[in-house]
Every structure is written in C-alpha cells, then in structure tokens.
Amino acid sequence: AQRVTQPEKLLSVFKGAPVELKCNYSYSGSPELFWYVQYSRQRLQLLLRHISRESIKGFTADLNKGETSFHLKKPFAQEEDSAMYYCALSSGNQFYFGTGTSLTVIP
Amino acid sequence: GAGVSQSPSNKVTEKGKDVELRCDPISGHTALYWYRQSLGQGLEFLIYFQGNSAPDKSGLPSDRFSAERTGGSVSTLTIQRTQQEDSAVYLCASSLGGGAGNTEAFFGQGTRLTVV
C-alpha cells in the first residue's frame, strides 16, 4: 500500500527562521514525490517535484530513500510562505496525498 | 480553458437533497481525480478515472456517492441524500496520465458544498 504521512498538522515559525515540513512515505518501488501548496483563497498548485531537483521560492526537498522521507526545507521563512502544504506520491497515474501541514510564518 | 474548471463554485443544499458537482479537466488529460478537503482533515481521495473507467473507487465514503466520466472528459460527482457531514470543499484534478514525468496533477478551484 502507498502511504504518505505528514506528522505535523500545524507549524509556526518566525520570519527569517528556518522551516522544515516533514513528509514520510511508504512505497514498494521507485516513487515520484511532489510538494503542493495552497495559499489562502487560491487553488492547490505544484510547488516542486523531486525529479526536477529544483528550488522554488527558496524551498528545496531531497528524496531520502533510506529514510523514506521527502522533507521540504527553506532556510529563511517569509510571511508569504504561510499556506497549506501537501506532500504527494505518484504511483503510475494515481496520486496519494498526505493530510497536509498548515504553515504560519509569524512576522 | 487553460485550467481545470469546476462548477458550481459554491453550493448550499438542504439535508436530504441530491447534488451534482461538475469538473472540466484540461483538454487531453486522461487521468481525473476527485478529492474532498475538510477543515482539519486534509485532502481525502475519493475516486480516480483513467479515461472513462474508474480503476480506483476506494475513497468513496458511502453508496450515496457516485461519479461518472463521459467522453474521457467531463466528470460529475453525485451525492445523494446529502448529510451535514458531506459539507466540504470538493476538488477535482487532472493529469496527462502518460507515465513518469507527465504525472503532475492540476487542480480546479473546488466546489464548496454546504449542507444545511
């Protein structure tokens, strides 16, 4: 079975502080992993995917197959990063989402 | 249109009534997904279509929920005899479904359903 776990429902950090949103997965294969973000009153959108190895809005995420993790990190949080973040795993054409982490960046 | 379109944006219905929610995916996308987003519950998978068939209906919470997709395009999610616990935002997403590298899911703006 494919599972995506985001252990933190809520996360608050101060502006300028580092932030890490945790994601663990279970999958018997080579997963494709994604982070999606939903800003207030906007639709859910792709933030980044592991195969692109890119940094978007200062965020990065490294796939750690040994720990089956795909944590999202940013060294210096900004107020505009406040949003709901979902980790997702793609298996073939099916998507499995975590329950999400609501990030609040305190000014 | 350029993105996934859902209608209506908002729906208020009386308990016990049936509702239909519509999703227009991005043209050419063969995979279509329905999710439910409730406060504090995150994103709950409902059903997945590949073309017109639904290989995975495992997320439908009860037999009051059904979905269909015609012509490999538009999909309708129907909730019969609505209950207050059905109140949520219903999200639709589509993807190319072409395999590795083509699996980004694009989301609609959602339908906010309120059962009173």
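Before reading further, recall that the structure is shown in the block above.
This text gives an overview of the structure that appears in the document.

Some details on the interface of chain B and chain A
The interface is formed by 24 residues belonging to chain B together with 19 residues belonging to chain A. Across the chain B/chain A interface, buried area totals approximately 1,700 Å², and carbon plus sulfur atoms make up 46% of it. Between chain B and chain A we count 1 salt bridge in total. In this structure, the connection of chain B to chain A is made through 7 residue pairs in polar contact (both at pLDDT 80 or more). Mapped onto the side of chain B that touches chain A, the elements with two or more residues apiece are strand S4 (31-38) and strand S5 (42-50) of chain B. The biggest single contributor to the side of chain B that touches chain A is S5(B), with 5 residues.

Comments concerning the pairing of strand S6 (residues 45-49) of chain A
Residue and element names in this part refer to chain A. Relative to S6, strand S5 (residues 32-38) is paired through 4 bridges, and the arrangement is antiparallel. If you follow tryptophan 35 over to S6, its bridge partner there is leucine 48. Hairpin connection, S5 to S6: the antiparallel pair is bridged by 6 residues, and arginine 41 has positive phi, about 65°.

Description of the sheet that holds strand S3 (residues 19-24) of chain B
Pairing between sheet strands relies on hydrogen bonds along the backbone, with the strands arranged either parallel or antiparallel. Residue and element names in this part refer to chain B. Taken in spatial order, the 4 strands of this open sheet run S1-S3-S8-S7, and their pairing is antiparallel. In the strand order of this sheet, the two ends are held by strand S1 (5-7) and strand S7 (65-69), each with one partner. Averaged over all neighbouring strand pairs, the angle between strand axes comes to 15°, with direction disregarded. Pairing of S7 with strand S8 (residues 75-79) involves 5 bridges; the strand directions are antiparallel. Looking at the pairing, glutamate 68 lines up with threonine 76 of S8.

Things to note about the nonpolar core
Core analysis: the biggest nonpolar cluster contains 24 residues, and Trp35(A), Leu72(A) and Tyr85(A) have the highest contact counts within it. Elements with a minimum of two residues in this core: strand S2 (10-14), strand S3 (19-21), S5, S6, strand S9 (83-91) and strand S11 (101-106) of chain A. With residues near it in sequence (within four places) discarded, Leu72(A) still touches Val19(A), Glu20(A), Leu21(A), Trp35(A), Leu47(A), Leu48(A), Phe59(A), Thr60(A), Ala61(A) and Tyr85(A). By size, the runner-up hydrophobic cluster in this structure holds 19 residues, among which are Val4(B), Leu46(B), Ile47(B) and Tyr90(B).

Describing the pattern of salt bridges
Under the counting rule described, the total for this entry stands at 8 salt bridges over all chains. With a shortest N-O distance of 2.9 Å, Lys74(A) and Asp81(A) are connected by a salt bridge. Comparing Lys74(A) with Asp81(A), the two get one shared label, buried. Between Glu44(B) and Arg36(B) there is a salt bridge, with the nearest N and O atoms lying 3.0 Å from each other. One salt-bridge network, held together by shared partners, links Glu20(A), Lys22(A) and Lys73(A).

Focus on the state of the cysteines
For the structure shown, the criterion picks out 2 disulfides over all chains. One disulfide in the model links Cys23(A) with Cys87(A); its S-S distance is 2.0 Å. In this structure the cystine formed by Cys23(A) and Cys87(A) twists about its S-S bond by roughly -65°; its chirality is therefore left-handed. Of this pair, Cys23(A) sits in the loop between S3 and strand S4 (24-26) while Cys87(A) sits in strand S9; the two residues are 64 residues apart in sequence, bridging distant segments of the chain. We note that Cys23(A), like Cys87(A), is buried. The disulfide that involves Cys23(B) links it to Cys92(B), with 1.9 Å between the sulfurs. Between Cys23(B) and Cys92(B), the S-S dihedral sits near -65°, and the bridge is therefore left-handed. Of this pair, Cys23(B) sits in strand S3 while Cys92(B) sits in strand S9 (residues 88-95); the two residues are 69 residues apart in sequence, bridging distant segments of the chain. Note on Cys23(B): relative accessible area 0%, which makes it buried.

Cut-offs used in this document
- Residue indices follow the written sequence of each chain, beginning from 1 at its first position.
- Here the convention is simple: chains get letters from A, ligands get numbers from 1, in the order in which they are written.
- With pLDDT at 70 or above as the cut-off, local features in this predicted model cover only qualifying residues; side-chain atom pairs require 80 or more to be listed or tallied, and sums for whole chains, interfaces and linings still use all residues.
- As a rule here, side-chain values come from all non-hydrogen atoms in the structure, and water together with hydrogens is ignored.
- The contact definition used throughout considers only heavy atoms, calling two residues in contact when any of these lie within 4.5 Å.
- Using a 1.4 Å probe, buried area is obtained as the accessible area two parts lose upon being combined, added over both of them.
- When a carboxyl oxygen of Asp or Glu is within 4 Å of a side-chain nitrogen of Lys or Arg, the pair counts as a salt bridge.
- Definition of a polar contact: a pair of N or O atoms within 3.5 Å, with one able to donate and the other able to accept a hydrogen when the atoms are protein atoms, and with sequence-neighbouring residues admitted only if both atoms are side-chain atoms.
- Secondary structure elements follow DSSP: runs of H or I of four or more residues count as helices, runs of E of two or more count as strands, with numbering from the N terminus.
- When DSSP finds two or more bridges between a pair of strands, those strands are recorded as paired.
- To obtain an axis, a line is fitted to C-alpha atoms, over the contacting stretch when the element is a helix, and the angle between two such axes runs from 0 to 180 degrees between their N-to-C directions.
- Nonpolar cores are built from buried Ala, Val, Leu, Ile, Met, Phe, Trp, Tyr and Cys residues. Side-chain atoms within 4.5 Å join them into one set.
- Each residue's exposure class comes from its accessible area (1.4 Å probe, protein chains only) as a fraction of the maximum for that residue type: buried when under 20%, exposed when over 50%, partly exposed otherwise.
- Working definition: a disulfide is two cysteine sulfur atoms within 2.5 Å of each other.

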